[in-house]
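Working through the structure, step by step
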Amino acid sequence: MPIPTPTAERDTPFDVAALAQLASQFFAALPGTTPLPVASAASVPSPAAGGLNLPANPLPPGVPNGPLPQPSTTQFAGLGAGVPALNLVPSGPDQAAARAKPGAAQLPHAAAPNGLPDSLVTAAPGIDGRLGGVVLGVPQAQAPAQPAAHGSPFYFLDLAAARPEPPALELPGLGLPPLDLRSPARTPFDVQAIRRDFPILAERVNGKPLVWFDNAATTQKPRAVIDRLVHFYEHENSNVHRAAHELAARATDAYEKARSTVARFINASAEEIVFVRGCTEGINFIAKSWGDKHIGAGDEIVVSHLEHHANIVPWQQLAVAKGAHLRVIPVDDSGQIILSEYQRLLGPKTKLVSISQVSNALGTVVPVHEVVAIARRQGITTLVDGAQSVSHLAVDVQDIGCDFFVFSGHKVFGPTGIGAVYGRKAVLEDTPPWQGGGNMIADVSFERTVFQGVPARFEAGTGNIADAAGLGAALDYVQRIGLPHIARYEHDLLAYATAAIKPIRGVRIIGTAADKASVLSFTLQGYAPDEVGRALNEEGIAVRSGHHCAQPILRRFGVEATVRPSFAFYNTCEEIDRLVAVVRRLARA
Ligand code: PMP
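These lines cover the structure that appears in this document, whether it is placed above or below. Model, not experiment: these values are computed from the prediction.

**What about the overall build of the protein chain?**
When you go through the protein chain residue by residue, the secondary structure sums to 17 helices and 19 strands. Expressed as a percentage of contacts within the protein chain between residues at least 6 apart in sequence, the contacts between residues at least 24 apart total 72%. As displayed, the protein chain offers around 25,000 Å² of accessible surface, 57% of which is attributable to carbon and sulfur atoms.

Rendered as structure tokens:
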């Protein structure tokens, strides 16, 4: 049946103008919303006339605009002992006044955030109209104006020089350096400004301001990421690689630019980055492609006792299929792997060492540089699970020396459903495709298929294009704050929380390694972890309670579940105080 072409409003299945009027009335009735003016049918440009002329979105306040130099003097060799402490108390009104600069400025020098056209790159008010919400916690006058690589002033403080060593404060059991929470203006960024970049942090839960302490499960998204997704669907949406039209080119550019951003973020090259759904799919991909080719009967795969199920189950499945064996690096009572035991496990049959850089259940930072170096000396392939590290520590895959590195976008302020596998080029080239279909082929006949090179041959079918662009925006955002600054701030946040929780009667902290990131796992005598979780939820505080998909390590400590607050750079001491108050109240009851 021929489909009639509507020639007038009455021919359409509904009245567009009436619908718009209705929508406007609906939104006007919602509290706190400003209705958009309703366009009359006549004022809506027809597609033939070039479509709607959308105003360019400015970047949201707080998104730092353009690459910032990494601090040259802040040393972060892991976060073990010896790292001077920060003041996590929000900076006072004087600092805010010193920082505030009215007006938004166009940034001629700034690189557009991942895949975002220059028209969208507009600075929000901040230092020199450049930094937006990422603002130093010290009066501007104190900031050294060092020239940076791109010729603009250097905005991050020389923290080591500006901050005197705080007096020592014992943190029994953790071995972390002392805190100084008395002196204002000592954070490497303005956490309140950062928080304004994350719309969801303004939510209320059970009538209370939301406290998001479930960052190890997933992180919240800054406006820059949300806007990037909207921009993709409004201006770029197309399939990639396969068409000679404008939107295909825009979408392909966005997708491939995101690949380059991921590569830069972990110091790899773009051809070494394979997009996957996340860490779980990444490890499964490696097991089912590289593993299928390289693991045989009697071979051994080494993992640690700390692993998430995602880094256990695929290897178990492979071992069963191949007649191979899984070997487990034990941990000590603090939750750190025992390196000497690890060395003893390795032998001529060991084909792979696959290990988390940060434990999601305990927060242990594993010395992956040493783990990888030991394996490499024996010619063993290595995989590092970076699900819990990329948002907390600067990762450099060259420096680690691993063959594979995997992470999930949603744990590093990006969208769900997108993640990346890094594979050293020579290793990827020695890895067969795992899924077949479109995009991964160079030529297909019924007799045979010629595959693409790396990485395309590992990306069969239509990928998660928009979310890849969103991931790029997230990594740009994180990089502008600077992982050394993030690591430093979070380190002291964790120390603050640990010092406050530990003395509470009935609290047992699970995981007390000297080097930890983000995670504070604990049990409270007399309460099941989910009872604590529910009590916290009543106060608007979100934590994970359960086995955290890491049952073997919890059982190593004799528990089936813990309460697990996990922190990110947008969390504050005040939020921790709210959590501690609930735990104290429960402990007293
Ligand atoms: N490894 C670790 C250490 C994790 O924490 C997680 C997620 N909790 C994963 C792997 C799996 O990540 P995803 O669910 O994003 O695939």
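Picking up after the structure, the text goes on.
**Describing the packing of aromatic side chains**
Overall, the coordinates contain 17 aromatic pairs when judged by the stated rule. With 5.6 Å between their ring centres and 40 degrees between their planes, Phe285 and Trp434 make a pair best called tilted. Linking Phe285 in helix α7 (residues 279-294) with Trp434 in the loop between α12 (425-429) and β13 (441-444), this pair joins segments that are 149 residues apart in sequence. With relative accessibility at 1%, the residue Phe285 sits in the buried group.

**Let's talk about the site of the ligand**
Neighbouring the ligand are Cys279, Thr280, His308, Ala310, Ser356, Asn360, Asp385, Ala387, Gln388, Ser408, His410 and Lys411. A distance of 2.7 Å separates an oxygen atom of the ligand from a polar atom in the side chain of Ser408. The fraction of the free accessible surface of the ligand (390 Å²) that becomes covered by protein chains is 85%. Of the residues that constitute the shell around the ligand, the class distribution is 3 nonpolar, 7 polar and 2 charged.

**Details of the pattern of salt bridges**
Per the counting criterion, the structure on display carries 21 salt bridges. Among the salt bridges present, the one from Glu575 reaches Arg195, with a minimum N-O distance of 3.1 Å. Taken as a pair, Glu575 in helix α17 (residues 573-588) and Arg195 in helix α4 (residues 191-196) lie far apart in primary sequence, 380 residues in all. The residue Arg556 makes a salt bridge to Asp333 at a minimum N-O spacing of 2.8 Å. Residue Arg556 is found in helix α16 (residues 551-556), and its partner Asp333 is found in the loop between β8 (325-329) and α9 (339-345); the two are separated by 223 residues along the sequence. The exposure class assigned to Asp333 is exposed, which follows from its relative accessible area of 63%.

**Some words on the nonpolar core**
Membership of the largest hydrophobic core comes to 104 residues, with the highest contact counts inside it found for Ile266, Phe405, Phe407 and Phe569. It is helix α13 (residues 465-481) that contributes the most residues to this core, 10 residues altogether. If we ignore the near neighbours within four places in the chain, the residues touching Ile266 are Ile273, Val395, Asp396, Val397, Phe405, Phe407 and Tyr422. Of all hydrophobic cores here, the second largest spans 25 residues; its members include Ile295, Leu383, Ala387 and Val427.

**Topic: the sheet that holds strand β9 (residues 350-356)**
Strand order in the open sheet made by the 7 strands is β6-β12-β11-β10-β9-β7-β8, with mixed pairing throughout. The open sheet is flanked by β6 (273-276) and β8, the only strands paired with a single partner. For this sheet, the mean inter-axis angle between neighbouring strands, taken without regard to orientation, is 20 degrees. As paired elements, strand β7 (residues 300-304) and β8 share 5 bridges and run parallel to each other. Following the sheet pairing, Glu300 is matched in β8 by His325. Each of β6, β11 (404-408) and β12 (419-423) is contacted by helix α6 (residues 246-265), which is oriented at about 115 degrees to β6, the strand it contacts most.

**Notes on the environment of Ala542**
Summarising the element assignment, Ala542 is placed in strand β17 (residues 541-542). Judged by relative accessible area, Ala542 falls into the buried class, the value being 16%. Ala542 sits 332 residues away from Leu210 along the chain, and the two C-alpha atoms are 7.5 Å apart. Those residues in contact with Ala542 that lie beyond four places of it in its chain are Val211, Trp212, Phe213 and Asp214.

**Regarding α13**
The terminal C-alpha atoms of α13, which comprises 17 residues, lie 25 Å apart, in line with the 24 Å expected from a rise of 1.5 Å per residue. By the criterion of burial, α13 is predominantly enclosed, with 16 of the 17 residues buried. Looking one or two residues past α13, Gly482 carries a phi angle of roughly 100 degrees, positive in sign.

**Some points on the environment of Gly423**
Mapped onto the elements of the fold, Gly423 is located in strand β12. It is 9.7 Å that separates the C-alpha atoms of Gly423 and Ser269, two residues lying 154 residues apart in sequence. In this view, Gly423 contacts Glu272, Asp403, Phe404 and Leu428; residues no more than four positions away in its chain are not counted.

**Regarding the side chain of Lys411**
Take Lys411: it is sitting in the loop between β11 and β12. Setting aside chain neighbours within four positions, we find Lys411 in contact with Ala216, Ala217, Thr219, Ala387, Gln388 and Ser391.

**Focus on the packing of helix α14 (residues 483-501) against α17**
Where α14 contacts α17, the axes come no closer than 10 Å and their chain directions differ by 20 degrees. Put simply, α14 runs roughly parallel to α17. In this structure, α14 meets α17 at a crossing whose hand is right-handed. Contacts from Leu493, Tyr496, Ala497, Ala500 and Ile501 in α14 reach Cys573, Ile576, Asp577, Leu579, Val580, Val583 and Arg584 in α17. Each residue belonging to the contact of α14 with α17 can be placed in one class, and the counts come to 10 nonpolar, no polar and 2 charged.

Here is what the cut-offs are and how they apply
Residues numbered from 1 in each chain as written. Predicted model: local features only at pLDDT ≥ 70, side-chain atom pairs only at ≥ 80, totals over all residues. Heavy atoms only, no water. Helix = DSSP H or I, 4+ residues; strand = E, 2+ residues; numbered from the N terminus. Contact = heavy atoms within 4.5 Å. Areas by Shrake-Rupley, 256 points an atom, 1.4 Å probe, with all protein chains shown as cover. Phe/Tyr/Trp six-rings, centres within 6.5 Å; stacked < 30°, edge-to-face > 60°. Buried < 20%, exposed > 50% of the residue type's maximum accessible area, 1.4 Å probe, protein only. Near = heavy atom within 4 Å. Polar contact = N/O pair within 3.5 Å; in protein donor to acceptor, adjacent residues only side chain to side chain. Nonpolar A, V, L, I, M, F, W, Y, C, P; charged D, E, K, R; others polar. Salt bridge = Lys/Arg side-chain N within 4 Å of Asp/Glu carboxyl O. Core = buried A, V, L, I, M, F, W, Y, C linked by side-chain atoms within 4.5 Å. Pairing = 2+ DSSP bridges. Axes fitted to C-alpha atoms, helices over the stretch in contact; angles between N-to-C directions. Expected span 1.5 Å × (residues − 1). Parallel < 35°, antiparallel > 145°, perpendicular 65-115°, else oblique. Left-handed = near helix turned anticlockwise from the far one by under 90°.

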